[in-house]
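# A look at the structure
One-letter residues, chain by chain:
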Amino acid sequence: MTRVLVLNGPNLGRLGVRQPEIYGSTTHEELAQHLRDTGRALGLDVDVRQTNHEGEMLDWLGEAADGGIPVVLNPAAWSHTSIAIADAVAQVDVVVEVHISNVHAREEFRKHLVVSPYATGVIAGLGLGGYDLALTHIAAVAAT
């Protein structure tokens, strides 16, 4: 099975509580279990992690880069601000960036994405289903 890291940034641990009108009512743990199950069905070993600490995210991205591990990444607020996360993403062979909401239809500051240019692909605005699409893509790439 291909190992995949699903890495979620700040405030995503509050899914189900934080602005459910934007992010839905599914909790992070429910999402994590769903992604592990979905990954298993696709032949992937999915490890889901969430952090509010940028250094920890950098360490995880370094782990992926060193191990050749594909990543599904929701950098959350770091999408708009973190050159460090962007630099780390640039070192990983396969990174599918996911945004639950359509960041291009929200506040002006959310439209500026510093991480996206270094991602293999970006999925935005499809809700939690964006994660499923990212895993499906990674499974297809792994099969070739």
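Residues numbered from 1 in each chain as written. Predicted model: local features only at pLDDT ≥ 70, side-chain atom pairs only at ≥ 80, totals over all residues. Heavy atoms only, no water.

Right, let's get into the overall build of the protein chain. A count of helices and strands for the protein chain gives five helices and five strands. Mapped in sequence order, the helices and strands of the protein chain form the string β-α-α-β-α-β-α-β-β-α. Expected size for 144 residues packed as a compact globule is a radius of gyration near 15 Å; at 14 Å, the protein chain falls within 12% of this value. For the protein chain, buried positions account for 46% of its 144 residues. The contacts of the protein chain with a sequence gap of at least 6 include a subset with a gap of at least 24, amounting to 75%. (Helix = DSSP H or I, 4+ residues; strand = E, 2+ residues; numbered from the N terminus. Rg over C-alpha atoms; globule rule 2.2 N^0.38 Å. Buried < 20%, exposed > 50% of the residue type's maximum accessible area, 1.4 Å probe, protein only. Contact = heavy atoms within 4.5 Å.)

Grouped together as the largest cluster of nonpolar side chains are 24 residues, with contacts concentrated most on Val6, Leu35, Val46, Val72, Tyr131 and Leu135. For this core, the elements supplying multiple residues, two or more each, are β1 (2-8), α2 (28-41), β2 (44-50), β4 (95-99) and α5 (129-143). Element by element, the count of residues in this core is highest for α5, at five residues. Non-local contacts of Val46, meaning those with residues more than four positions away in its chain, are made with Val4, Val6, Leu35, Arg36, Gly39 and Leu135. Counting 19 residues, the second-largest nonpolar core is a separate cluster that includes Ile69, Leu73, Val92 and Val114. (Core = buried A, V, L, I, M, F, W, Y, C linked by side-chain atoms within 4.5 Å.)

We now examine the environment of Ala119. Among the structural elements, Ala119 can be located in the loop between β4 and β5 (121-124). Residue class for Ala119 comes out buried when judged on its relative accessible area of 14%. Between the alpha carbons of Ala119 and Val71 there is a distance of 9.6 Å; along the sequence they are 48 residues apart. Excluding its chain neighbours within four sequence positions, the residues that come into contact with Ala119 are Val89, Val95 and Glu97.

Looking now at the pattern of salt bridges. Tallying each qualifying case throughout the model produces six salt bridges. One salt bridge in this structure joins Glu63 and Arg3, with 3.0 Å as the shortest N-O distance. A residue pair is termed long-range when its members are at least 10 positions apart, and Glu63 in helix α3 (residues 54-67) and Arg3 in strand β1 qualify at 60 residues. Across the pair Asp47 and Arg49 runs a salt bridge whose closest N-O atoms are separated by 2.8 Å. Classification of Asp47 as partly exposed rests on a relative accessible area of 25%. Residue Arg49 is classed as buried on the basis of its relative accessible area, which comes to 16%. Several salt bridges share partner residues, and in doing so they unite Arg3, Asp47, Arg49 and Glu63 into one network. (Salt bridge = Lys/Arg side-chain N within 4 Å of Asp/Glu carboxyl O.)

We now examine the UniProt feature "active site" (unreviewed entry) in the protein chain. As annotated by UniProt and renumbered to match this structure, "active site" (unreviewed entry) occupies Tyr23 and His99. Over a stretch of 77 residues, the named residues converge on one spot in the fold, their C-alpha atoms separated by at most 9.8 Å. Structurally, the position occupied by Tyr23 is in helix α1 (residues 20-23). Using a relative accessible area of 9% as the deciding quantity, one classes Tyr23 as buried. Position of His99 relative to the elements: it lies in strand β4. (UniProt positions renumbered as here; feature names shortened; annotations may be inferred.)

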